[in-house]
Amino acid sequence: MAAHLSKILSDSEKVFDFVVNEGNGVKGLCDMGIQELPNQYIQPLEERITTSTVITDDSIPIIDASNWDDPKVADQICKAAQNWGFFQVINHGVPIQVLDNIKETSHRFFSLPAEEKKKYTKENSVSRNVRYGTSFTPEAEKTLGWRDYLSLVHVSHDEASLFWPTSCREEALEYLKRCDTVIRKILKSLIAGLNVKAIDEEKEQLLMGSKRINFNYYPKCPNPELSVGVGRHSDISTITVLLQDDIGGLYVKKIETNDWIHVPPVNGALVINIGDALQIMSNDKYKSVEHRVIANGSKNRVSVPIFLHPKPTSVIGPLQETLKNGEKPIYKQILYSDYTNIFFSKGHDRKDTIEFAKI
Ligand code: OGA
Ligand code: NI
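Here the structure is a predicted model, which means the values were calculated and not measured.

Across the sheet, five strands lie side by side as S1-S10-S9-S12-S7; this open sheet has mixed pairing. Strands at the two margins of the open sheet, each flanked by one partner only, are strand S1 (54–55) and strand S7 (228–233). Two elements, S1 and strand S10 (residues 260–262), share two bridges in a ladder whose sense is parallel. Residue pairing for S10: Ile55 is matched across the bridge by Ile261.

Next comes the structure, spelled out in structure tokens:
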């Protein structure tokens, strides 16, 4: 085993082959007993998070949604979307057991033998909506991220039944179903803050016409201070609903000060963030902010985000309702699939994708 590992590590092309092309992921390296970070995972200094670049006495809002009908909840959600772009919601109605189950499902999927996971790599997966991979876009990235993932796009129940891995299909579908109410309540509050009264069929396609659930796996890293789990980026969704475990490591860039703030794990909470699509639709009222995940030296971390996106065929731009009082549009009308294609054609590079949509 050790001899095999040193052979792989002796050549960076072999590392890439093993991790990316052969679908072993970074977990595969860990399972081989890796002691030192391979070169392509060593981040340039400016991308590493150190205690000197992080502020500890500040935090994103935690919103108690015990009573969704209380207008104060909607108000807090809109304010957080404007001032932070990130917030946590507690007492949202999704039972703890459902949250625990889906985290367990994530651990279970990644502990499957590599042969099983490999069925879902870009080369092997029979559906474009099912993808197991590592880092973000390894072919386009200068430095790789210490993360493996499984990504499932929800088209329909039937499609999922045919193509999603049996090891997590039922659980993922159930989790999506259980989160539907929270998702709708949050979107409704946000959209009301943009003068839109209700989510009709057309708005529904625009706000959540496409859903993606990801399972992220960040294995214990031999040199966490030199690497990152996921590099700085903003999401391109309308909103993202993220479940994290109790390990921590997600950092968010604070608007105005640009300090990096930790998002502390709160038991039972869902972390919500605004994505580029909603920033565009709100004509910059709501902010899609940069975030990143550090690597951990002692534990395997999982997170499960649900990304709500416009339908790929939707044309997105500042909503009519937000421009009513003569506000100038900052963004043009663009086909959402064009936006997605740009995002996935490069590595994570901060908030650059949104520049493409500006007038
Ligand atoms: C993402 C992301 C954060 C996390 O998947 O886009 O930012 O905590 N994940 O895993
Ligand atoms: Ni993200």
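Inspection of the region around ligand 1 gives Asn216, Tyr218, His233, Asp235, Leu242, Leu250, His291, Val293, Arg301, Ser303, Pro305 and Phe307 as its neighbouring residues. His233 places a polar side-chain atom, nitrogen or oxygen, 3.1 Å from an oxygen atom of ligand 1. At 2.6 Å, a side-chain N or O of Ser303 approaches an oxygen atom of ligand 1. Out of a free accessible area of 290 Å², ligand 1 has 94% covered by protein chains.

Bound to the nickel ion (ligand 2) are the protein donor atoms His233 (NE2), Asp235 (OD) and His291 (NE2), situated 2.1 to 2.2 Å from the metal. Within one chain, the residues donating to the nickel ion (ligand 2) are spaced in sequence as H-x1-D-x55-H. For the pair shown, His233 and Asp235 are each scored as buried.

With that settled, consider unusual backbone geometry. With a phi angle near 55°, Ser135 is a residue other than glycine that sits in the positive phi range. Residue position: Ser135 is located in the loop between strand S4 (130–134) and strand S5 (148–154). On the basis of relative accessibility, which here comes to 4%, the residue Ser135 falls in the buried class. At Asn258, a position not held by glycine, the phi torsion is positive, near 65°. The topology assignment puts Asn258 in the loop between strand S9 (250–253) and S10. Its relative accessible area of 45% is what places Asn258 among the partly exposed residues.

Examined at the domain level, the protein breaks down into domain 1 (1–32) and domain 2 (61–357). On a C-alpha basis, the centroid separation for the pair domain 1 and domain 2 is 29 Å. The interface of domain 1 with domain 2 comprises 11 residues on the first partner and 18 residues on the second. Taken together, both faces of the contact between domain 1 and domain 2 bury some 1,100 Å²; the carbon and sulfur share is 68%. The tally of links from domain 1 across to domain 2 stands at zero salt bridges.

Thresholds, definitions, all that
- Residues numbered from 1 in each chain as written.
- Chains lettered and ligands numbered in written order.
- Predicted model: local features only at pLDDT ≥ 70, side-chain atom pairs only at ≥ 80, totals over all residues.
- Heavy atoms only, no water.
- Pairing = 2+ DSSP bridges.
- Helix = DSSP H or I, 4+ residues; strand = E, 2+ residues; numbered from the N terminus.
- Near = heavy atom within 4 Å.
- Polar contact = N/O pair within 3.5 Å; in protein donor to acceptor, adjacent residues only side chain to side chain.
- Areas by Shrake-Rupley, 256 points an atom, 1.4 Å probe, with all protein chains shown as cover.
- Donors = N, O, S within 2.8 Å, 3.2 Å for Na, K, Ca; no water.
- Buried < 20%, exposed > 50% of the residue type's maximum accessible area, 1.4 Å probe, protein only.
- Domains from an automatic or database assignment.
- Contact = heavy atoms within 4.5 Å.
- Buried area = accessible area lost by both parts, 1.4 Å probe.
- Salt bridge = Lys/Arg side-chain N within 4 Å of Asp/Glu carboxyl O.

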